[in-house]
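Topology and contacts: notes
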Amino acid sequence: MFGISPLGWLHTLGSLPAIPVAVYMFARHGRIVPRSFAGAIYFVSMLVGAATVFLVAHQLVSYVVGLATLLLVLGGYAVGRLPLPPRLARYAETICLSLSAFLLMLPTVTEILRRVPDGHPFVTELDAPLLVGFQAGLLVILVVGLSAQIVHLRRR
């Protein structure tokens, strides 16, 4: 179904929980909160998705996005344990984890548009206007959302 291999399903289903968990944390806390139950789910799900991309990817850009996601997630979760001023750690944590969510959604939207509906996808080319529009929309959400997060952190 949808031209996805069994390993591809592992990758997809393993990383899928990160999406609603990230949406929940953004709505509830304004950011991804690493030291929470939802944050633990996000961490494990992102690790599964980022690690398995190396087994299912066919393009260099997929490896780059997977590696960047892996580094951002690990950095976002590790920075709170470093001997940094708490305020600086909170900024770095927020930026890293918000960027990881963006890097999760970028290939997610791309793959959905390139596979759905099964047999007659909405998009067949990576430069299709619909796909570029969705990706640009995600970039706008990232810039606006990250700016709002930083303003909110400054006011605390």
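Right, let's walk through the structure included here. (Residues numbered from 1 in each chain as written. Predicted model: local features only at pLDDT ≥ 70, side-chain atom pairs only at ≥ 80, totals over all residues. Heavy atoms only, no water.)

1. A few points about the overall build of the chain
Threshold: Secondary structure follows DSSP: runs of H or I at least 4 residues long count as helices, runs of E at least 2 residues long count as strands, and numbering of each begins at the N terminus. Radius of gyration: C-alpha atoms only; globule rule: 2.2 Å multiplied by the number of residues to the exponent 0.38. Exposure categories follow from relative accessible area, calculated using a 1.4 Å probe and restricted to protein chains: below 20% of the type maximum is buried, above 50% is exposed, and the middle band is partly exposed. It only takes one pair of heavy atoms within 4.5 Å for two residues to be counted as in contact. Method for areas: the Shrake-Rupley scheme with a 1.4 Å probe, in which residue coverage is limited to the protein chains shown. In this tally Asp and Glu are treated as negative and Lys and Arg as positive; neither His nor the chain ends contributes. To locate a charge, take atom NZ for lysine, CZ for arginine, CG for aspartate or CD for glutamate.
Each helix and strand counted, the chain has six helices and zero strands in total. The C-alpha radius of gyration of the chain comes to 16 Å, within 12% of the 15 Å expected for a compact globule of 156 residues. When the backbone C-alpha atoms are referred to their principal axes, the chain occupies close to 50 × 30 × 25 Å. Among the 156 residues that make up the chain, the fraction classed as buried is 36%. In the chain, of all internal contacts separated by at least 6 residues, the share reaching a separation of at least 24 is 62%. Accessible surface, the chain as shown: approximately 9,200 Å² in total, 73% of it carbon and sulfur. Counting 11 positive and 5 negative side-chain charges, the chain places the averaged centre of each group 25 Å from the other.

2. Overview of helix H1 (residues 6–15)
The following threshold applies: Relevant arc is that of directions from the helix axis to the C-beta atoms, nothing else.
Of all the positions in H1, only Gly8, His11, Gly14 and Ser15 are classed as buried. Taken around the axis of H1, the buried residues stretch over an arc of 140°, which confines them to a single face. With respect to the buried face of H1, the exposed residues turned more than 90 degrees away are Pro6 and Leu13. In this structure, the buried residues of H1 make contact with helix H2 (18–29), helix H3 (37–56) and helix H5 (86–115).

3. Concerning H3
For clarity, the cut-off: An expected span of 1.5 Å times one less than the residue number is assigned to each helix.
With 20 residues, H3 should reach 28 Å at 1.5 Å per residue; the first-to-last C-alpha distance of 29 Å fits that figure. Where H3 is concerned, the buried positions are Ala38, Gly39, Tyr42, Ser45, Met46, Gly49, Ala50, Thr52, Val53 and Val56.

4. A few points about unusual backbone geometry
Residue proline 117 follows valine 116 across a cis peptide bond; omega there is -10°. Tracing the backbone through its elements, the reader meets proline 117 in the loop between H5 and helix H6 (129–155).

5. Quick word on the pattern of salt bridges
Worth spelling out the cut-off: Between Lys or Arg on one side and Asp or Glu on the other, a salt bridge is scored when a side-chain nitrogen of the former is within 4 Å of a carboxyl oxygen of the latter.
Summed over the entire model, instances satisfying the criterion amount to three salt bridges. Arginine 31 serves as the salt-bridge partner of glutamate 93, at 2.8 Å between the closest nitrogen and oxygen. Within this pair, whereas glutamate 93 is found in helix H5, its partner arginine 31 is found in the loop between H2 and H3, the two being separated by 62 residues in sequence. What makes glutamate 93 buried here is its relative accessible area of 2%. Take arginine 31: its relative accessible area is 10%, and that puts it in the buried class. The partner of arginine 35 in a salt bridge is glutamate 93, and the shortest N-O contact between them spans 2.6 Å. Taken as a pair, arginine 35 in the loop between H2 and H3 and glutamate 93 in helix H5 lie far apart in primary sequence, 58 residues in all. Through salt bridges with shared partners, a single network forms among Arg31, Arg35 and Glu93.

6. So, the side chain of threonine 94
By the element assignment, threonine 94 lies in helix H5. Setting aside anything within four residues of it in sequence, one finds threonine 94 in contact with Arg31, Leu146, Gln149 and Leu153.

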